[in-house]
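A structural walkthrough
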Amino acid sequence: MIQYLTTHPWKIIEEGFKRKHHRSSESIFSIGNGRFGQRANFEEDYSGPTLQGSYVAGVYYPDKTRVGWWKNGYPEYFAKVLNSVNWIGIRIKVEGEDVDFAKCITSNFRRELNMREGYLVRTFDLEMPSGKIIRAEAKRFCSMADDETAAIRYAITPLNFTGTIRFQPYLDGDVKNHDSNYEEKFWEHVHSASSPASGVVVCRTRKTEFDVAAAMRIQVELNGKEIIPTYHHSHADFFAENNIEREVHQGETMVLYKYVGLVSSLNYSREELANAAQKAAERAIKSGFDSMLKMQAESWSKIWDLADIVIEGDDEAQQAIRFNIFHMNQTYTGEDARLNIGPKGFTGEKYGGSTYWDTEAYCLPFYMSTKDQKVARQLLVYRYNQLDKAIENAQKLGFKNGAALYPMVTMNGEECHNEWEITFEEIHRNGAIAYGIFNYIRYTGDEKYLSEFGWDVLLGIARFWSQRVHWSKARQQYVMHGVTGPNEYENNVNNNWYTSYFAKWCLQYTIEAMELLKSQYPDAYGAKVARYAFDETTEVKRWKDIIDNMYLGQLEGTEIRIQHDGFMDKELAPASALSESERPINQHWSWDRILRSCYIKQADVLQGLYFFEDHFSKEVIRENFDFYEPMTVHESSLSPCVHSILAALLGQEDKAYEMYMRTSRLDLDDYNHEAHEGLHITSMAGTWMSIVQGFGGMRVNNGQLTFNPILPKQWKAYSFNVLFNGKVVKVAVNKDGVQISE
Ligand code: BGC
């Protein structure tokens, strides 16, 4: 654990510049609005270690695959979320001396992410090598109210001198990705222009040909009054800037406002793009910083009204849950069915900003309960829109007859991950996608979704499973070989219980959904039968045979479901036997050692018991939890939340609380030593689930919400809301009991 941030219920605060952790802070203090996002990089120059990151939703680059040994079926590329035009840049000179934060002495540094109102602010005093000291405050936000705009207010006060201050606000599209495989540039210059107090830059991605346009408008104030300085401006390929210089007396404050418009070709034609960005910047400057900030606070207030979770008596837990909810909302708003939720959102490059099973398995419940129903539906439609590609993907691997294998990692429906054990073997993602449909319908009652889009996806998935299993003569049962379960610390295993159980369930659910269509939407069903050449008699017969005869390992004389063949032969030892210096093992052990060990990266059998809790008795869940959890190292961000929920169900309150703190403060306390790469956005939804489903015990049964709350002893009280059937249900738990109201 690395703890350097101050605890506060509504804020994340860094007191004093923690140089060593700057890259982690750049992730943690990120801001975004669903349309674009920005790491907490400094506006002014900084020559110290940094990961520059400005990301625009849906804009990606197919970086050429780099692998040691090519395997047939590998996708040609790995899609990367792109570091895009730098719109925050403001170069500063003090009496001709460049301000480079890394080369100055900093004091009174404070960085604050105000989650209630949605802005980032940094205050500091900087002593230049010459001894001149300035006091500065930089505040910025990505507008939620007008998601094509952002604004920065940068104020400077000379503390011990009178002299010239020069601001050089700029836009720079000549940026790189840190994780580029071949050091290639991903962007081409399209257009740039500048004029007094404004500038625009348009760039195009190579290969995918997305255009992004950024425009800026500038305003300057001295001691609170607008001034019209001489603006020197210039532009070059990828670049546009303005220069404003002014003598500022000691104790006076000069403020630069930078209003930004940022748009992409996802929403505008190429011809319109530069103009659209300029218009957005124009809207921002007309509105003005304070009024934009007010609207920002109002937008966030509406979000918090529904999504906030209040925890009394435990500020660390309170800060953490708000941090998670804040970032979820900055990442995805549900406005656009082409977008999805990348595991790092807009906070880093790793995982490419692509879509994983994380969306259905972890994020969906959060959006279902805290947003209008159409938001969750959008997430499902995203997969429906990619069904053809999932069928193509399965075909490439040798499957036929409309079998669909959704990619483990995708931007546009094509697989874009290239580690064989993940690309070819981590097929359980198909299960999560089917479960997402089931979960959505269970929660919303929107069965019509099946007749419109849902069953098509289920059919493709059922066909896949029916071809992926094979009959074992020896066992006289169906088996599934060559699989990687959710526990990625074990590859190419046979009969992974989780995947096999899911396959069986998917077939069963597809049949149930088919019966529903036949009785309630016969026309839609008929059309689908024709469209997909569905041979009900033969196909369903095989599915039923698999359902009845699927091999699912269970340890004799116990209720323990065997993670996969051979697991019980391992040297079984608890993770507590590992020394702190060996953890996380993925940073200290060889991969070979990890694979041979019994250590489990994240819930595997337990993930299945979490999804299908109502198929098993509590005793079965307990026996498996007590067996597997001690061997789990929780080195995937997705792990602690599921364990927290199960522990709460089993009445293991201390474990539930420990796991809650771990999931919710994963990045704030940097448990896995990787916050510098970006935040774990998708697991943040799991944090929300740990409270609502875990401590709150929320379940949906036969169209009814039920709660079975417990109160962790560290808390005085907690409360949350969920949107259900169009109504807001308020749940408040304290030492005296539970109150549920509408
Ligand atoms: C986990 C996967 C997950 C991915 C993205 C990996 O570390 O093992 O289950 O989908 O991260 O979050």
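Presented here is a report on the structure given in the accompanying data block. (Residues numbered from 1 in each chain as written. Predicted model: local features only at pLDDT ≥ 70, side-chain atom pairs only at ≥ 80, totals over all residues. Heavy atoms only, no water.)

1. Structural notes on the overall build of the protein chain
The secondary structure content of the protein chain amounts to 20 helices and 28 strands. Taken against the 2.2 N^0.38 rule, which gives 27 Å for 742 residues, the C-alpha radius of gyration of the protein chain at 27 Å falls within 12% of a compact globule. Each of the three principal axes of the protein chain carries a C-alpha extent, and together these read 85 × 55 × 55 Å. In the protein chain, which comprises 742 residues, the share counted as buried stands at 64%. A separation threshold of at least 6 residues defines the contact pool for the protein chain, and within that pool the share at least 24 residues apart is 70%. (Helix = DSSP H or I, 4+ residues; strand = E, 2+ residues; numbered from the N terminus. Rg over C-alpha atoms; globule rule 2.2 N^0.38 Å. Buried < 20%, exposed > 50% of the residue type's maximum accessible area, 1.4 Å probe, protein only. Contact = heavy atoms within 4.5 Å.)

2. Let's talk about the sheet that holds strand E13 (residues 163-172)
Reading across from one edge, E8-E7-E13-E19-E18 is the order of the 5 strands in this open sheet, with antiparallel pairing throughout. The open sheet has two edge strands, strand E8 (97-98) and strand E18 (232-236), and neither has a second partner. Pairing of E13 with strand E19 (residues 239-248) involves 8 bridges; the strand directions are antiparallel. Residue pairing across strands places Gly163 opposite Val248, the latter belonging to E19. (Pairing = 2+ DSSP bridges.)

3. Notes on the side chain of Ser451
Looking at where Ser451 falls in the secondary structure, it is placed in helix H10 (residues 448-468). Residue Ser451 is classed as buried on the basis of its relative accessible area, which comes to 10%. Separated by 2.8 Å, the side chain of Ser451 and the backbone oxygen of Lys448 make a polar contact. Residues in contact with Ser451, not counting those within four places in the same chain, are Leu517, Tyr521, Ala524 and Lys528. (Polar contact = N/O pair within 3.5 Å; in protein donor to acceptor, adjacent residues only side chain to side chain.)

4. Things to note about the pattern of salt bridges
Enumeration over the complete set of coordinates arrives at 52 salt bridges. Among the ionic pairs, Glu14 bridges to Arg111, the shortest N-O distance being 2.9 Å. Of the two residues, Glu14 is situated in strand E1 (residues 11-15) and Arg111 in strand E9 (residues 105-114); the sequence distance between them amounts to 97 residues. Within the structure, one salt-bridge network assembled from shared partners comprises Lys11, Glu15, Arg110 and Glu112. (Salt bridge = Lys/Arg side-chain N within 4 Å of Asp/Glu carboxyl O.)

5. Side note on the layout of surface pockets
Over the atoms rolls a probe the size of a water molecule, and in doing so it shows where empty space is left. Counted as a void, the largest pocket has a volume near 970 Å³. Together, 36 residues line the largest pocket, and Lys350, Tyr351, Glu419, Glu488 and Lys601 are the ones closest to its centre. Secondary structure elements with two or more residues in the lining of the largest pocket: strand E6 (77-81), helix H8 (420-423) and helix H14 (585-588). The class makeup of the residues in the lining of the largest pocket is 10 nonpolar, 14 polar and 12 charged. For the second largest pocket, the calculated volume is near 580 Å³. (1 Å grid on protein atoms, 1.4 Å probe; cavity = no way out; pocket = protein on both sides within 12 Å on 5 of 7 lines; lining within 4 Å. Points joined across faces, edges and corners; volume = space filled by probe spheres on them. Nonpolar A, V, L, I, M, F, W, Y, C, P; charged D, E, K, R; others polar.)

6. Observations concerning the site of the ligand
Near the ligand, the surroundings consist of Pro343, Tyr351, Tyr356, Trp357, Asp358, Glu488, Lys601, Gln602, Ser636 and Leu638. Trp357 places a side-chain nitrogen or oxygen 2.8 Å from an oxygen atom of the ligand. The contact in question runs from an oxygen atom of the ligand to an N or O atom on the side chain of Lys601, over 2.8 Å. Coverage of the ligand by the protein amounts to 93% of the 310 Å² it exposes when considered alone. With respect to the detected pockets, the ligand is housed in the largest pocket. Considered class by class, the residues forming the shell around the ligand number 5 nonpolar, 2 polar and 3 charged. (Near = heavy atom within 4 Å. Areas by Shrake-Rupley, 256 points an atom, 1.4 Å probe, with all protein chains shown as cover. Sits in = over half its atoms within 2 Å of the grid points.)

7. Concerning helix H6 (residues 373-385)
With 13 residues, H6 extends 18 Å between its outermost C-alpha atoms, agreeing within 8% with the 18 Å of an ideal straight helix rising 1.5 Å per residue. H6 sits mainly inside the fold: 10 of its 13 residues count as buried. In this structure, the buried side of H6 is in contact with helix H5 (358-370), helix H7 (387-396), helix H9 (429-444), H10 and helix H12 (522-531). (Expected span 1.5 Å × (residues − 1).)

8. Some remarks on the environment of Asn243
Tracing the backbone through its elements, the reader meets Asn243 in strand E19. Sequence separation of Asn243 and Ile92 is 151 residues, and the distance between their C-alpha atoms is 9.6 Å. Apart from residues lying up to four places away in sequence, Asn243 is in contact with Arg166, Phe167, Gln168, Thr230, Tyr231 and His232. At 3.3 Å, the side chain of Asn243 and the side chain of Gln168 are in polar contact.

9. As for the pairing of strand E20 (residues 254-264)
With respect to burial, E20 is a largely interior element, 11 of its 11 residues being buried. Here E20 shows a buried face lined by Met254, Leu256, Lys258, Val260, Leu262 and Ser264 and a second buried face lined by Val255, Tyr257, Tyr259, Gly261 and Val263. Pairing of strand E12 (residues 149-158) with E20 involves 8 bridges; the strand directions are antiparallel. Residue Arg153 lies in a different strand from E20, and its bridge partner there is Tyr257. As paired strands, strand E16 (residues 211-222) and E20 are joined by 11 bridges and run antiparallel to one another. Counterpart to Ala215 in the pairing with E20 is Gly261.

10. Regarding the nonpolar core
Among the nonpolar cores identified, the biggest contains 230 residues, and Trp87, Phe167, Ile691, Trp715 and Val722 are the most heavily contacted of them. For this core, the element with the highest residue contribution is helix H11 (residues 497-520), accounting for 14 residues. Counting residues in each nonpolar core, the second largest holds 13 residues, with Ala155, Ala284, Ile285 and Phe289 among its members. (Core = buried A, V, L, I, M, F, W, Y, C linked by side-chain atoms within 4.5 Å.)

11. Observations concerning the sheet that holds strand E4 (residues 54-56)
Spatially, the 3 strands line up as an open sheet ordered E2-E3-E4, and their pairing is antiparallel. With one partner strand each, in any of the chains shown, strand E2 (31-32) and E4 form the two edges of the open sheet.

12. Describing the environment of Glu571
In this structure, Glu571 sits in the loop between helix H13 (536-549) and H14. On the basis of relative accessibility, which here comes to 73%, the residue Glu571 falls in the exposed class.

13. Regarding the packing of aromatic side chains
As enumerated under the stated definition, the model contains 67 aromatic pairs in all. Ring centres 5.8 Å apart and planes at 50° place the aromatic pair Phe17 and Phe42 in the tilted group. With a gap of 25 residues between them, Phe17 in the loop between E1 and helix H1 (22-28) and Phe42 in the loop between strand E3 (36-38) and E4 connect regions that are remote in the sequence. Judged by centre distance (5.0 Å) and plane angle (75°), the rings of Phe502 and Phe612 are edge-to-face. Taken as a pair, Phe502 in helix H11 and Phe612 in the loop between helix H16 (605-611) and helix H17 (618-628) lie far apart in primary sequence, 110 residues in all. Residue Phe502 is classed as buried on the basis of its relative accessible area of 0%. (Phe/Tyr/Trp six-rings, centres within 6.5 Å; stacked < 30°, edge-to-face > 60°.)

14. Quick notes on unusual backbone geometry
A cis amide bond, omega -5°, links Arg583 with the succeeding residue Pro584. Tracing the chain through its elements places Pro584 in the loop between H13 and H14. Not every positive phi belongs to a glycine, and Asn108 is a case in point at roughly 50°. In this structure, Asn108 sits in strand E9. Although it is not a glycine, Ala197 adopts a positive phi angle of roughly 65°. Its place among the elements puts Ala197 in the loop between strand E14 (187-195) and strand E15 (198-205).

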